[in-house]
Amino acid sequence: MTASTRILLSIEGMSCASCVGRVERALASLPGVVDVAVNLAAETATVTFLDGVISPEALAAAVSNAGYPARVAQGGASVDRAARKEEEARDLARKVALAAALALPVFLMAMGSHVSPAVHEFIGRTVGERTSWVIQFVLTTLVLLGPGRSFYRKGIPALLKGAPDMNSLVAVGTGAAYAYSVVATFLPALLPEAVRAVYFEAAAVIVVLILIGRFMEARAKGRTGAAIEKLLGLRANTARVIREGQAIEVPLESLGVGDVVEVRPGERVAVDGEVLEGTSLVDESMITGEPLPVTKGAGDAVTGGTVNGAGGFRFRVTRVGADTTLSRIIRMVEEAQGARLPIQRVVDAITLWFVPAVMTVAAVTVLIWLLFGPSPSLTHALVAGVSVLIIACPCAMGLATPTSLMVGTGRAAGMGVLFRKGDALQALASVGVVALDKTGTVTEGRPALTDLVVADGFERAEVLSWVAALEERSEHPIAAALIRAARDEGARRPDVSGFVSVTGHGVRARVDGRDVLVGAGRFLEKEGIDPGPLAAVEADLARRGRTALYAAVEGRVAAVIGVADPVKPASRAAIAALHAQGLRVVMITGDKQETARAIAAQTGIDDVIAGVLPEGKVAALERLRAGGRTLAFVGDGINDAPALARADVGIAIGSGTDVAIESADVVLMSGDLRGVVNAFEVSRRTMRNIRQNLFWAFGYNVALIPVAAGVLYPAFGLLLSPLLAAGAMALSSVFVLTNALRLRRVAALMDETVEPSKA
């Protein structure tokens, strides 16, 4: 089977949704291309193609031949786009300044008389009306051939190819006004005297207004990628590596796995690694979204891009280059931002025929005015036709979805929520049921000592030290919990001899010269030891979902031990927040029913499905999905991978395994359920934002195209000026971009006292 490869192309010159459609068709028609997703806001195309059938260079060449200069993105699309948008904004600022300087005298000469008759009289007394028209012609020609040249250079060829775009609309609209004015100025005999007028100001000012709109778009588009640029800024340029016992500063590129790196107070951790020596607090908020610094000591993992606190440490490099956590995060966010949401397919289907339809409407408008319009009908026909062409530009339609997607996924990344697949953002907004794995998701994922009830005549510290010393010889997971508890409480370490493991019952040994055993109730029964009053305590612990063990010393019960996988501190608050968002929460676990019920009661989970083997989780999801409900599954382990892949939206806890993360649609870097709440919040806010943008974009065109065509003229005598049409068109795109940028203010819901915002 032929392997496939995915690359990212940086594309210049796309100005509207029609351009997106043409780029997609140019790529999709090539042999070996499997999938194409073009993003207007990011100005990129993500292309999946078969290896050996076509090359990345050929893909870029095909887009360039279609009229949109393209190249394979090097060093990340965001780097390319940020630099390109900055340069584009500067270039547009220069064009706006020049075009405005040339167009202002034209506007004043043409429109000044409408403000004050004295202006008209002044022109008549000085240069005269005909000379005034010639001056306007010269200045407007300079505007169209200078700052406005790109509209004609791109729009006319697209029109001749039968694939008109936004540039074609502007070129035809301004060209018609300019051509009519040229005839009126230099060949007036060809026109009836009643319609001899010039519209140079319309052509010149339309170019100025559209260039201003594009300048504002370029500035706003640059801000939509701010999250990625912030992540890129976390990368260190150098690292202090230990070579021959000395700390030497080297470029990051020269680091390799296994190198030992020294980190001083206040420095940024260069790459991923494992602490060898030293202790410090590390600020991981830029990666995980967690506000509090995390203590790091020997054996702990550190992440490249995080900031060291007051301490110093050395760590061994475990990942470099594209394999580091930061690089993977940037890659995930870029891929999500370049995705095409299902809702975008509807927009694409409409915009494919939108521009040709607008040109048809403009032609029909001109014809109707010529046939049925009042005198001077030719003038009215020209004004209405140009207004329809200018006002109907589908820029806002093309920007509505991708800009919100870019800002939303970028904001989510800043909160520690990574959408690996862009369409998960839309799917998550329609989820009704959230299914949670238990171990490592709702709970900490490792047993801990929860109860130690000692019998009369025994001391807690002494019993704990005996039990821990005995369990140090055991490999059972519960043993680790008891050893950690003893270490945390500073218990002493007595001598142990004669260790014996009794399969299915427990362990025993000589500790400090005493016969000590630890195990289940059946172990005591086998040894003929009466649990006495502690039997009731053991039963209560079991009822509360604890694993209950006995400790006996010299044939006498010394204590009852309760061990459980503790619930993560944030779980209860997060589940309450999910309920507040109208979601039903279910827990799926392989643990026994009593334990699952106890945890559900403790955290407020609605229902549990217990005793499920890994392969049974998928079947459990199918049962929950009955009735057409959309389902999200949250897990962290290898055994969760099938369920993560089968759910409508799979959400992986970032502290889990790579297998689980690679199977998921959404990855939570923080390692607890608060990230799930934040993911839902970002998803719903982003989809609401997209719907607002689409309502504005489509509503604007539906409402104003008839007005531009003159539908209000018979009743109210109103005919939309081409200048107002150009201003409205530019403002529609800026509105969509500005609305999308509001998503940068979405707040993380970090605790149960914070309610989901309603904005």
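Here the structure is a predicted model, which is why all the values come from computation and not from measurement.

**Looking at the overall build of the protein chain**
Then step 1. Regarding its fold elements, the protein chain presents 28 helices and 26 strands.
Then step 2. A total of 759 residues make up the protein chain; the buried ones form 53% of that total.
Then step 3. Pairs at least 24 apart in sequence give 69% of the contacts found in the protein chain among residues at least 6 apart.
Then step 4. Total accessible area on the protein chain stands at roughly 31,900 Å², and carbon and sulfur atoms take up 58% of it.

**Section: the pattern of salt bridges**
Then step 1. Applying the stated rule across the entire model yields 26 salt bridges.
Then step 2. Arg-546 serves as the salt-bridge partner of Asp-451, at 3.2 Å between the closest nitrogen and oxygen. Linking Asp-451 in strand 16 (residues 448-454) with Arg-546 in the loop between helix 20 (534-543) and strand 20 (547-553), this pair joins segments that are 95 residues apart in sequence.
Then step 3. A single salt-bridge network, built from bridges that share partners, covers Arg-508, Asp-515, Lys-526 and Glu-527.

**Quick notes on the sheet that holds strand 26 (residues 666-668)**
Then step 1. The sheet built from seven strands is open, its strands ordered 14-26-25-24-15-22-23 with mixed pairing. On the outer flanks of this sheet lie strand 14 (417-419) and strand 23 (607-609), each paired with one strand and no other. Recorded for the sheet is a direction-independent mean angle of 20° between the axes of neighbouring strands.

**A word on the nonpolar core**
Then step 1. Grouped together as the largest cluster of nonpolar side chains are 139 residues, with contacts concentrated most on Leu-9, Leu-27, Leu-59 and Phe-419.
Then step 2. With 14 residues, the single largest contributor to this core is helix 26 (residues 674-709).
Then step 3. Beyond its immediate stretch of four places on either side in the chain, Leu-59 contacts Ile-7, Leu-9, Leu-27, Leu-30, Val-33, Val-47, Phe-49 and Ile-54.
Then step 4. Residues Leu-449, Leu-464, Leu-470 and Ala-481 belong to the second largest nonpolar core, which totals 41 residues.

**Here's the deal with the packing of helix 5 (residues 129-145) against helix 7 (residues 166-186)**
Then step 1. The contact between helix 5 and helix 7 brings their axes to 10 Å, and the two run at 150°. Taken as axis vectors, helix 5 and helix 7 run roughly antiparallel relative to one another. As for how helix 5 packs across helix 7, the hand of that crossing is left-handed. Contacts between helix 5 and helix 7 involve Arg-130, Trp-133, Val-134, Phe-137, Thr-140, Thr-141 and Leu-144 on the former and, on the latter, Tyr-178, Val-182, Ala-184, Thr-185 and Phe-186.
Then step 2. Along the lines of polarity and charge, the residues of the contact of helix 5 with helix 7 split into eight nonpolar, three polar and one charged.

**Here's the deal with a nonpolar patch on the surface**
Then step 1. Together, Val-134, Val-138, Leu-142, Phe-186, Leu-187 and Leu-190 line one region of the surface with nonpolar side chains, adding up to about 540 Å² of accessible area.
Then step 2. The dominant element in the nonpolar patch, judged by the number of residues it contributes, is helix 5, at three residues.
Then step 3. Looking at where Val-138 falls in the secondary structure, it is placed in helix 5.
Then step 4. Relative accessible area serves as the criterion here: at 41%, Val-138 is assigned to the partly exposed category.

**A few points about the environment of Ala-480**
Then step 1. Along the chain, Ala-480 turns up in helix 18 (residues 477-488).
Then step 2. Residues Ala-480 and Leu-449 lie 31 residues apart in sequence; the distance between their C-alpha atoms is 9.6 Å.

**Some thoughts on helix 26**
Along an α-helix, residues three or four positions apart point the same way, because every turn accommodates 3.6 residues.
Then step 1. Across its 36 residues, helix 26 extends 53 Å between first and last C-alpha, which sits within 8% of the 52 Å expected from 1.5 Å per residue.
Then step 2. With its phi angle positive at about 105°, Gly-710 sits one or two positions after the end of helix 26.

**Regarding the sheet that holds strand 12 (residues 307-308)**
Then step 1. In space, the three strands of this open sheet follow the order 10-9-12, with antiparallel pairing throughout. Across the chains shown, the open sheet's two edge strands, defined by having one partner strand only, are strand 10 (294-296) and strand 12.
Then step 2. In terms of strand pairing, strand 9 (residues 280-283) meets strand 12 through two bridges, oriented antiparallel. Note on strand 12: the bridge partner recorded for Val-282 is Asn-308.

**Side note on the environment of Thr-174**
Then step 1. With respect to the helices, strands and loops of the structure, Thr-174 is situated in helix 7.
Then step 2. On the accessibility criterion, Thr-174 (1% relative accessible area) is buried.
Then step 3. Residue contacts for Thr-174: discarding those within four places in its chain leaves Tyr-152, Ala-203, Ile-206 and Val-207.
Then step 4. Polar contacts involving the side chain of Thr-174 include one to the side chain of Tyr-152, which spans 2.5 Å.

**Some words on the pairing of strand 1 (residues 4-11)**
Then step 1. As judged from the seven bridges shared by strand 1 and strand 3 (residues 44-50), these two strands associate in the antiparallel manner. Directly across from Leu-9, in strand 3, lies its bridge partner Ala-45.
Then step 2. Pairing geometry for strand 1 and strand 4 (residues 70-72), over three bridges, is antiparallel. Looking at strand 4, one finds that Ile-11 is bridged to Ala-70.

**Quick notes on the UniProt feature "transmembrane region" (unreviewed entry) in the protein chain**
Then step 1. The sites that carry the UniProt feature "transmembrane region" (unreviewed entry) are, in the present numbering, residues 92-111, 131-148, 169-191, 197-216, 350-372, 378-401, 694-713 and 719-741.
Then step 2. Helix makes up 78% of residues 169-191 and strand 0%, and the two end C-alpha atoms of the span are 25 Å apart.
Then step 3. In residues 197-216, helix accounts for 85% and strand for 0%; the two terminal C-alpha atoms are 33 Å from one another.

**A few points about unusual backbone geometry**
Then step 1. Ser-375 connects to Pro-376 through a cis peptide bond whose omega is -5°.
Then step 2. Take Pro-376: it is sitting in the loop between helix 12 (342-372) and helix 13 (377-391).
Then step 3. Phi at Glu-244 is positive, roughly 55°, even though this residue is not glycine.
Then step 4. The topology assignment puts Glu-244 in the loop between strand 5 (238-243) and strand 6 (246-251).

**Observations regarding the packing of aromatic side chains**
Then step 1. Per the stated rule, a full pass over the model turns up nine aromatic pairs.
Then step 2. Taking the centre distance of 6.1 Å and the plane angle of 20° together, the rings of Phe-137 and Tyr-178 count as stacked. Separated by 41 residues along the polypeptide, Phe-137 in helix 5 and Tyr-178 in helix 7 bring together distant segments of the chain.
Then step 3. Their ring planes at 25° and their centres at 6.4 Å tell us that Trp-696 and Tyr-700 sit as a pair that is stacked. Taken together, the residues span about one helical turn, with Trp-696 and Tyr-700 both in helix 26 at a distance of four residues.
Then step 4. Joined through ring pairs, the aromatic side chains of Phe-137, Tyr-178, Phe-186 and Phe-200 make up one cluster.

So, how was this worked out
Residues numbered from 1 in each chain as written. Predicted model: local features only at pLDDT ≥ 70, side-chain atom pairs only at ≥ 80, totals over all residues. Heavy atoms only, no water. Helix = DSSP H or I, 4+ residues; strand = E, 2+ residues; numbered from the N terminus. Buried < 20%, exposed > 50% of the residue type's maximum accessible area, 1.4 Å probe, protein only. Contact = heavy atoms within 4.5 Å. Areas by Shrake-Rupley, 256 points an atom, 1.4 Å probe, with all protein chains shown as cover. Salt bridge = Lys/Arg side-chain N within 4 Å of Asp/Glu carboxyl O. Pairing = 2+ DSSP bridges. Axes fitted to C-alpha atoms, helices over the stretch in contact; angles between N-to-C directions. Core = buried A, V, L, I, M, F, W, Y, C linked by side-chain atoms within 4.5 Å. Parallel < 35°, antiparallel > 145°, perpendicular 65-115°, else oblique. Left-handed = near helix turned anticlockwise from the far one by under 90°. Nonpolar A, V, L, I, M, F, W, Y, C, P; charged D, E, K, R; others polar. Patch = residues over 30% accessible without salt bridge, like charges linked within 9 Å, V, L, I, M, F, W, Y side chains within 5 Å. Expected span 1.5 Å × (residues − 1). Polar contact = N/O pair within 3.5 Å; in protein donor to acceptor, adjacent residues only side chain to side chain. UniProt positions renumbered as here; feature names shortened; annotations may be inferred. Phe/Tyr/Trp six-rings, centres within 6.5 Å; stacked < 30°, edge-to-face > 60°.

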